[in-house]
Amino acid sequence: MELLKWSNQDMVATITIERPPANALSSSLLKELSAVLDEIEANDEIRVVLLHGEGRFFSAGADIKEFTTIETGEDFSKLSIYGQVLFERMETFSKPIIAAIHGAALGGGLELAMGCHFRLVAENAKLGLPELQLGLIPGFAGTQRLPRLVGTAKAAEMLFTSDPVTGLEAVQLGLANHAYPESELLENAYKMAKKIAKKSPISLKATIDLLNYSKSEKYYEGVKKEAELFGNVFVSEDGKEGISAFIEKREPKFRGK
Ligand SMILES: C/C=C/C(=O)SCCNC(=O)CCNC(=O)[C@H](O)C(C)(C)COP(=O)(O)OP(=O)(O)OC[C@H]1O[C@@H](n2cnc3c(N)ncnc32)[C@H](O)[C@@H]1OP(=O)(O)O
């Protein structure tokens, strides 16, 4: 593994995202994550998974620079489906997965965290789905998971404005379970993971299976539609403008085309 490392101690697997400077989720990183999940799934000594990021951020989202190498709307839809399927696998995984978020979880980074069973955050972390700032929309099921966690109106505000919430606000909204000073986040996350690891893996798996029944058919229809529209927005002029503006570090000018 080049972009992730993982270790196993006390029946807790800790996965660390290591892709400086922003832990952006390139397609290779997503493939590595899938391979790590295969290994963890097959390892009976692991009962809980803790996911966090090395460096300044948990993850600043999908790799915006890689977007410039993708040409067709169909290929963007394929990328969207790849992330959706991977994060669905996490939410339906046989072992609990906890995200420990410091710095920022933005765009695909927050979508990755929302694919975990719950989130623990640093008080000053920033969590948001800023894709509309890029002339795009979320594509890794964020449009469906965010409203389930924070309600439709707050999700609409976060999406329309692109403004992130802090770790403390995320707890008030139900997006995260607990907030800690950044220096104490990992220690507390690990403590909770070890507590969960003492439970029977059979009842943990059964609980995860049952929690997933709270997702309706509409949820899955929404995820499918998201992938289709994700492809559409990328081939719009505004989508190209938003990505160029990010790379050139300037404000985008959207024209509705
Ligand atoms: C399906 C999923 C879709 C998506 O996820 S779309 C992406 C959604 N995410 C975003 O829009 C977040 C974009 N990033 C930011 O807003 C900011 O960055 C941060 C708030 C994370 C950090 O800001 P600051 O502290 O001022 O640092 P900095 O100079 O902007 O970033 C440091 C370096 O990291 C690169 N970077 C940041 N985010 C991404 C990204 N998502 N993809 C690729 N590169 C990224 C930058 O470009 C820069 O790099 P350099 O030093 O070479 O200029």
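Structural data are supplied above this passage.
Residues numbered from 1 in each chain as written. Predicted model: local features only at pLDDT ≥ 70, side-chain atom pairs only at ≥ 80, totals over all residues. Heavy atoms only, no water.

Here's the deal with the pairing of strand 3 (residues 48-53)
Phase 1: Extensive coverage of strand 3 is indicated by the burial of six of its six residues.
Phase 2: The side-chain alternation of strand 3 yields two buried faces, one formed by Val48, Leu50 and His52 and the other by Val49, Leu51 and Gly53.
Phase 3: Summarising the sheet, strand 2 (residues 12-17) and strand 3 pair through six bridges and their orientation is parallel. From the neighbouring strand, threonine 16 faces strand 3, where its bridge partner is histidine 52.
Phase 4: For the crossover that starts at strand 2, traverses helix 1 (residues 27-42) and ends in the parallel strand 3, the hand is right-handed.
Phase 5: In this structure, strand 3 lies alongside strand 4 (residues 97-101), joined through four bridges in parallel fashion. Its bridge partner being in strand 4, histidine 52 is matched across the sheet by alanine 100. (Buried < 20%, exposed > 50% of the residue type's maximum accessible area, 1.4 Å probe, protein only. Helix = DSSP H or I, 4+ residues; strand = E, 2+ residues; numbered from the N terminus. Pairing = 2+ DSSP bridges. Right-handed = clockwise from strand over helix to strand, strands pointing away.)

So, the layout of surface pockets
To find leftover empty space, a probe the size of one water molecule is rolled over the atoms.
Phase 1: Estimates place the volume of the largest pocket at around 910 Å³.
Phase 2: In this structure, the largest pocket is lined by 38 residues; those nearest its centre are Ala22, Ala60, Ala62, Ile64 and Phe246.
Phase 3: Going through the elements one at a time, helix 2 (64-67), strand 5 (104-106), helix 4 (108-114) and helix 11 (237-247) are the ones with two or more residues in the lining of the largest pocket.
Phase 4: Here the lining of the largest pocket gets four residues from one element, more than from any other, and that element is helix 11.
Phase 5: Within the lining of the largest pocket, the residues separate by chemical class into 22 nonpolar, seven polar and nine charged.
Phase 6: Along the wall of the second largest pocket there are 19 residues; nearest its centre are Glu91, Cys116, His117, Phe118 and Leu211. (1 Å grid on protein atoms, 1.4 Å probe; cavity = no way out; pocket = protein on both sides within 12 Å on 5 of 7 lines; lining within 4 Å. Points joined across faces, edges and corners; volume = space filled by probe spheres on them. Nonpolar A, V, L, I, M, F, W, Y, C, P; charged D, E, K, R; others polar.)

Considering the pattern of salt bridges
Phase 1: On inspection of all chains with the given rule, the structure shows 18 salt bridges.
Phase 2: The shortest N-O distance in the salt bridge between glutamate 18 and lysine 5 comes to 3.2 Å. Remark: lysine 5 occurs in strand 1 (residues 4-9) and glutamate 18 occurs in the loop between strand 2 and helix 1; sequence separation between them is 13 residues.
Phase 3: Via salt bridges that share partners, Glu88, Glu91, Arg145 and Lys215 belong to a single interconnected network. (Salt bridge = Lys/Arg side-chain N within 4 Å of Asp/Glu carboxyl O.)

Points about the packing of aromatic side chains
Phase 1: If you walk through the whole model with that rule in mind, you get seven aromatic pairs.
Phase 2: Both rings, one in phenylalanine 76 and one in phenylalanine 234, keep their centres 3.6 Å apart while their planes meet at 10 degrees; by these two values the pair is stacked. Pair noted here: phenylalanine 76 is in helix 3 (residues 73-91) and phenylalanine 234 is in helix 10 (residues 217-234), with a separation of 158 residues, a long-range link. Pair check on accessibility: phenylalanine 76 and phenylalanine 234 agree, each one buried. (Phe/Tyr/Trp six-rings, centres within 6.5 Å; stacked < 30°, edge-to-face > 60°.)

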